Amino acid sequence: MSNNVVTKAGGAIVRLSQSLRVQLLCWVLLTLFGAIAFNLYDSFWSADVTAKLVTDRTLLASARVIAEAVRVDEGGNVQVDVPPAALEMFDTGFGDRVFYKVITAWGNLVSGFPDLPLPAVQRAGEDRAFHGADVRILMLDHPVVGLPNDGTISVTVAVTHNSQYAMRRQLWLSDFSKQFVLVFLASLVTILGLQRGLAPALRLRDAVRRRGRNRLDPLPPEMVQSELRPLVHALNDHMERVQNQMAAQRRFVSNAAHQLRTPLALISTQASVASREDDAARRDEALAALRTSTRQISRLASQLLTLSRAEPGSRRPRSDATDLSKAAREILETYAEEALKRNIDLGLEADRSVVVEGDGTMLREMLVNLIDNAIRYSKADGRVTVAVGQENGHAVVTVWDNGPGIPEGEREQVFERFYRIMGTESEGSGLGLAIVREVVDGAGGSVSLGAAEGGGLVVTVRLPL
Ligand SMILES: Nc1ncnc2c1ncn2[C@@H]1O[C@H](COP(=O)(O)OP(=O)(O)O)[C@@H](O)[C@H]1O
Ligand SMILES: [Mg+2]
């Protein structure tokens, strides 16, 4: 249970740390806090300087008041009657202790603490220790009328630090609260700015989310800032590709349905003819036709299936080691009977095994379709030769026949789905070469058609070893 809570909290933190808004906000706050830390450090020291200055002024004022009270009597004795105001100016409610000392220029103590230390220079405050307390101390030389040779006395006043520190704290705190308000306002403005800045991106997200399944028209790039427009363009390009793909798919399905419909209609007619026929010979004839149509349609169905399997992404990528020589021999053997019937000379030139990595089933389908075409479109008494070899790191399969060949202008089109050359009599679906192309592309190879010597077609397939 508690574990669950921890995982949930962890998930929320991961989600937040991936949020653009949170990331930007963090950077802004980091900068702000850095600036404020520096400012606070700086303002502490300026508060310190100010508080010292104020204390020194008070010390000077106090020393002056004391100095003004110094008198020389008729006997030439220096005397002072320290006015209470001189010491009361330090009574700011922080319980500070005040010390003073008045001495003559020749070092005689007139009044005060004899052991109060003397600062190095007059009129400048210094920090010293006195009677176990830290004090701010200041000394003032002052001329006194009546002393011989215009003599002076020196007044030293010291005060503990309480009031000074309190003032420093107060100055600093007022700065601190100002900074705090500043950060708060800056964060608020940043959040508002982020909200406004990210709004177009969020609108784009919603626009994409709200779209129906079939809506693939482009999104207007102006709906987002210039930085995000490439993303919208990429999205639009992608949707266009999907749209084209979908259109191709639709064409394919409707073509396939057309192709299936014709033999199915034929089958239906042939079946009803056969069932109505009383004459045994005629009925057998109709049934034979029915079988042919059935074979045709089942071949079409299996070609469709093979094609859909050969398409990229429809099967898990496999890498069997397939010996093309062996596969070609086995396929030729299955065609031996038919070749014999039409007196076609089948030949295989493959003296050693040529092994390629790839989807073995699909590579066989490719060979079947090439060999099937060569035999199917050969004249009677023709010749079909299959050669398997190796060349520059490629496996090369060549299939020759001495049939009618394919005119140069149609050598690209015959690879299209359902494309058949006008006037082709032999039955077929027009999917064979499309399957060959898909398989070869999937294996990273190439296929080309050419004219064989003395007429006929030569198909060359190259596959990386
Ligand atoms: N070896 C060949 N000789 C002559 N024409 C061929 C050969 N192979 C294919 N063709 C032509 O290319 C067309 C497409 O071939 P294919 O895609 O295998 O479909 P199908 O064989 O089912 O008609 C065939 O209809 C045929 O006209
Ligand atoms: Mg074919």
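For clarity, every value in this text was computed on a predicted model and none was experimentally measured.

*Asks:* Which residues make up the overall build of the protein chain, and what are the values?
*Replies:* Per the secondary structure count, the protein chain includes nine helices and 14 strands. For the protein chain, whose C-alpha radius of gyration is 52 Å, the value lies well above the compact-globule estimate of 23 Å for 465 residues. Expressed as a percentage of the 465 residues in the protein chain, the buried residues total 34%. Working note: accessible area of the protein chain is about 28000 Å², and carbon and sulfur atoms make up 56% of it. Charged side chains in the protein chain number 52 positive and 54 negative. The centres of these two groups are separated by 6 Å.

*Asks:* Account for the pattern of salt bridges, naming residues and giving values.
*Replies:* According to the stated counting rule, one finds 20 salt bridges in the structure shown. Here Asp372 makes a salt bridge to Arg376, at a shortest N to O gap of 2.8 Å. Residue Asp372 and its partner Arg376 are located together in helix H8 (residues 360-376), separated by four residues, close to a single helical turn. The burial state of Asp372 is the same as that of Arg376; both residues are buried. It is possible to trace a salt-bridge network through shared partners that takes in Asp48, Lys52, Asp56, Asp127, Arg136 and Arg168.

*Asks:* Run through a negative patch on the surface, naming residues and quoting values.
*Replies:* The grouping of Asp278, Asp279, Asp284 and Glu285 at the surface amounts to a negative patch. Position of Asp279 relative to the elements: it lies in the loop between helix H5 (229-276) and helix H6 (280-310).

*Asks:* Talk me through the site of ligand 1; I want residue IDs and the actual numbers.
*Replies:* Taken together, 18 residues form the shell around ligand 1, and within it Tyr377, Arg420, Ser429, Gly430 and Leu433 come nearest. Interatomic distance of 2.6 Å between a side-chain N/O atom of Tyr377 and an oxygen atom of ligand 1. Within the backbone of Gly432, a nitrogen or oxygen atom sits 3.3 Å from an oxygen atom of ligand 1. Look at ligand 1: alone it shows 530 Å² of surface, and the protein chains cover 98% of it. Mapped onto the shell around ligand 1, the elements with two or more residues apiece are H8 and helix H9 (432-442). For the shell around ligand 1, the residue count by class is nine nonpolar, seven polar and two charged.

*Asks:* Can you tell me about the pairing of strand S14 (residues 457-464), naming the residues and giving the values?
*Replies:* Buried residues dominate S14, accounting for six of its eight residues. In terms of strand pairing, strand S13 (residues 446-451) meets S14 through six bridges, oriented antiparallel. Paired with Ser448 across the two strands is Thr460, which belongs to S14. If you look at the hairpin formed by S13 and S14, you'll find five residues sitting between the two strands, and Gly454 has a positive phi there, around 70°.

*Asks:* Give a description of the confidence of the model for the protein chain that names residues and reports values.
*Replies:* Of the residues in the protein chain, 99% reach a pLDDT of 70 or more, and the chain-wide mean stands at 91. No element of the protein chain has a lower mean pLDDT than helix H1 (residues 2-17), which averages 75, and none a higher one than S14, which averages 97.

*Asks:* Account for the nonpolar core, naming residues and giving values.
*Replies:* Membership of the largest hydrophobic core comes to 48 residues, with the highest contact counts inside it found for Leu324, Met366, Leu370, Val386, Val461 and Leu463. The biggest single contributor to this core is H8, with eight residues. The residue makeup of this core includes at least three contributed by each of domain 2 (227-307) and domain 3 (318-464). When near neighbours in sequence (up to four residues on either side) are disregarded, Val461 contacts Met366, Leu370, Ala395, Val396, Val397, Val440, Ser446 and Val447. Core analysis: the second largest hydrophobic core is formed by 19 residues, Ile66, Tyr100, Leu147 and Ile153 among them.

*Asks:* Residues and numbers for the environment of Leu235, please.
*Replies:* Looking at the secondary structure, you find Leu235 in helix H5. Of the residues examined, Leu235 reaches a relative accessible area of 28% and is grouped as partly exposed. The sequence separation of Leu235 and Asp115 amounts to 120 residues, and the corresponding C-alpha distance is 87 Å.

*Asks:* Could you give me a rundown of the packing of H8 against H9, with the residues and numbers involved?
*Replies:* Think of two packed helices as two axes; the pair is described by the angle between the axes and how far apart they sit. As a packed pair, H8 and H9 sit with axes 9 Å apart at the nearest point and diverge in direction by 145°. For the element pair H8 and H9, the recorded crossing hand is left-handed. Across from Met362, Leu363, Met366, Asn369, Leu370 and Asn373 in H8, the residues of H9 making contact are Gly432, Leu433, Ile435, Val436, Val439 and Val440. Residues that form the contact of H8 with H9 fall into these classes: nine nonpolar, three polar and no charged.

*Asks:* Which residues make up the sheet that holds strand S4 (residues 109-112), and what are the values?
*Replies:* In a beta sheet, neighbouring strands pair by backbone hydrogen bonds and run either parallel or antiparallel. Pairing in this open sheet of five strands is antiparallel, and the strands run S4-S3-S7-S6-S5 from one edge to the other. Edge strands, defined here as strands with exactly one partner in the open sheet, are S4 and strand S5 (126-130). Adjacent strand axes in the sheet meet at a mean angle of 25°, parallel and antiparallel pairs treated alike. Across three bridges, strand S3 (residues 98-104) lies against S4 in antiparallel orientation.

*Asks:* Summarise the environment of Pro317; cite the residues concerned and give the values.
*Replies:* Tracing the backbone shows Pro317 in the loop between H6 and strand S8 (320-323). Counting along the chain gives 159 residues from Pro317 to Ala158, while the straight-line C-alpha distance between them is 91 Å.

Cut-offs and rules
- Residues numbered from 1 in each chain as written.
- Chains lettered and ligands numbered in written order.
- Predicted model: local features only at pLDDT ≥ 70, side-chain atom pairs only at ≥ 80, totals over all residues.
- Heavy atoms only, no water.
- Helix = DSSP H or I, 4+ residues; strand = E, 2+ residues; numbered from the N terminus.
- Rg over C-alpha atoms; globule rule 2.2 N^0.38 Å.
- Buried < 20%, exposed > 50% of the residue type's maximum accessible area, 1.4 Å probe, protein only.
- Areas by Shrake-Rupley, 256 points an atom, 1.4 Å probe, with all protein chains shown as cover.
- Lys, Arg positive; Asp, Glu negative; His and termini not counted.
- Charge placed at Lys NZ, Arg CZ, Asp CG, Glu CD.
- Salt bridge = Lys/Arg side-chain N within 4 Å of Asp/Glu carboxyl O.
- Patch = residues over 30% accessible without salt bridge, like charges linked within 9 Å, V, L, I, M, F, W, Y side chains within 5 Å.
- Near = heavy atom within 4 Å.
- Polar contact = N/O pair within 3.5 Å; in protein donor to acceptor, adjacent residues only side chain to side chain.
- Nonpolar A, V, L, I, M, F, W, Y, C, P; charged D, E, K, R; others polar.
- Pairing = 2+ DSSP bridges.
- pLDDT = per-residue confidence, 0-100.
- Core = buried A, V, L, I, M, F, W, Y, C linked by side-chain atoms within 4.5 Å.
- Domains from an automatic or database assignment.
- Contact = heavy atoms within 4.5 Å.
- Axes fitted to C-alpha atoms, helices over the stretch in contact; angles between N-to-C directions.
- Left-handed = near helix turned anticlockwise from the far one by under 90°.

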